[in-house]
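Chain residues, written in single-letter form:
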Amino acid sequence: MIRLLGAIAGQVSQRQGSKTAVSDDRRDSFLAASRDCSRLVEVYYQTGDSVSASYVAFYALQLAEKAGVSAELAESLGPVGMFFSFLQAHGRARRYLQRAQKTAESANALYAMTYTLLVNCVYESGMGNWEAARLANERLTQTATKLGSIRRLHDGYQTKLFMDYSQSKFSETLKTADLLIASASQIKDYRFQGYGLFG
């Protein structure tokens, strides 16, 4: 917990400090380290270690910010935005999530854009902002289809399941569940098959 508080303080001080140019080699190193940290965030999150996931998320962001606009920066902003949403600091959460989306667009990083759309969709769903969540979900599935990213397409189907079920749209829930099960079965993705069966 102390490390997490230190990471939050480091993020605040880095945002307030001046940016300095870095060499291409150092930029590549920062981005590689940020990518590795982002993978660790997912591992910690999936294993239920939310404190470690949050700490590493802040560290991933600090590394990515040193390198400037990039896909890695866009992807590292999302978990930090969600962290602040859990603290009910919704103004700060929205600023991070909006910055994530704009950064992905500026970097022309479509895969990063699918991730930022996913995070925004999850956030807006959690807030009950169904129209904003629907628009983010539509862009997510369209972009994932364009990229041929099955993983992000399944993420889109899964979040739509939650959205429709939460709004008592049960016929839509069943349709999306069938799509998810059919797609996940083709590549033997048992995790998403399970999500589909839940629907």
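Everything numeric in this text was worked out from a predicted model, so none of it was measured. (Residues numbered from 1 in each chain as written. Predicted model: local features only at pLDDT ≥ 70, side-chain atom pairs only at ≥ 80, totals over all residues. Heavy atoms only, no water.)

Draft legend 1. A look at the packing of aromatic side chains. Taken as a whole and assessed by the stated rule, the structure comprises six aromatic pairs. Their ring planes at 65 degrees and their centres at 5.8 Å tell us that Y165 and F170 sit as a pair that is edge-to-face. Ring centres 5.4 Å apart and planes at 70 degrees place the aromatic pair F192 and Y195 in the edge-to-face group. Highlighted residues: F192 and Y195, both in helix α10 (residues 190–198), separated by three residues, approximately one helical turn. In this structure an aromatic cluster arises from ring pairing among F58, F83, F84 and Y96. (Phe/Tyr/Trp six-rings, centres within 6.5 Å; stacked < 30°, edge-to-face > 60°. Helix = DSSP H or I, 4+ residues; strand = E, 2+ residues; numbered from the N terminus.)

Draft legend 2. Region of interest: helix α2 (residues 24–46). The end-to-end C-alpha distance of α2, which contains 23 residues, comes to 33 Å, matching closely the 33 Å that a straight helix rising 1.5 Å per residue would cover. Every buried residue of α2 is listed here: F30, L31, S34, C37 and V41. Looking at the buried side of α2, the elements it contacts are α3 (50–67) and α4 (71–86). Phi for G48, located one or two positions after α2, is positive at around 85 degrees. (Expected span 1.5 Å × (residues − 1). Buried < 20%, exposed > 50% of the residue type's maximum accessible area, 1.4 Å probe, protein only. Contact = heavy atoms within 4.5 Å.)

Draft legend 3. Expanded view of the packing of helix α5 (residues 90–106) against helix α6 (residues 110–126). The contact between α5 and α6 brings their axes to 8 Å, and the two run at 155 degrees. Relative to α6, the element α5 is oriented roughly antiparallel. Note that α5 runs across α6; the crossing there is left-handed. Contact residues: H90, A93, R94, L97, A100, Q101, A104 and E105 in α5; A112, M113, T116, L117, V119, N120, Y123 and E124 in α6. (Axes fitted to C-alpha atoms, helices over the stretch in contact; angles between N-to-C directions. Parallel < 35°, antiparallel > 145°, perpendicular 65-115°, else oblique. Left-handed = near helix turned anticlockwise from the far one by under 90°.)

Draft legend 4. View of the packing of α4 against α6. The interhelical angle for the contact between α4 and α6, taken along N-to-C directions, is 10 degrees, at an axis separation of 8 Å. Considered as vectors, α4 and α6 are oriented roughly parallel to each other. Residue-level contacts link A71, A74, E75, G78, P79, M82 and S85 of α4 to Y111, A112, Y115, T116, V119, V122 and Y123 of α6.

Draft legend 5. Looking closely at the environment of L77. Along the polypeptide, L77 turns up in helix α4. Relative accessible area serves as the criterion here: at 0%, L77 is assigned to the buried category. Measuring from C-alpha to C-alpha, the distance between L77 and T116 comes to 8.4 Å, with 39 residues separating the pair along the chain. With residues near it in sequence (within four places) discarded, L77 still touches L61, Y96, R99, A100 and T103.

Draft legend 6. Layout of unusual backbone geometry. Phi is positive for S168, close to 60 degrees, though the residue is something other than glycine. Mapped onto the secondary structure, S168 falls in the loop between α8 (150–166) and α9 (170–186). The class for S168 is partly exposed, based on a relative accessible area of 48%. You will see that K188, though not glycine, has its phi angle at about 55 degrees, which is positive. With respect to the element layout, K188 can be found in the loop between α9 and α10. Among the residues examined, K188 registers a relative accessible area of 58% and is labelled exposed.

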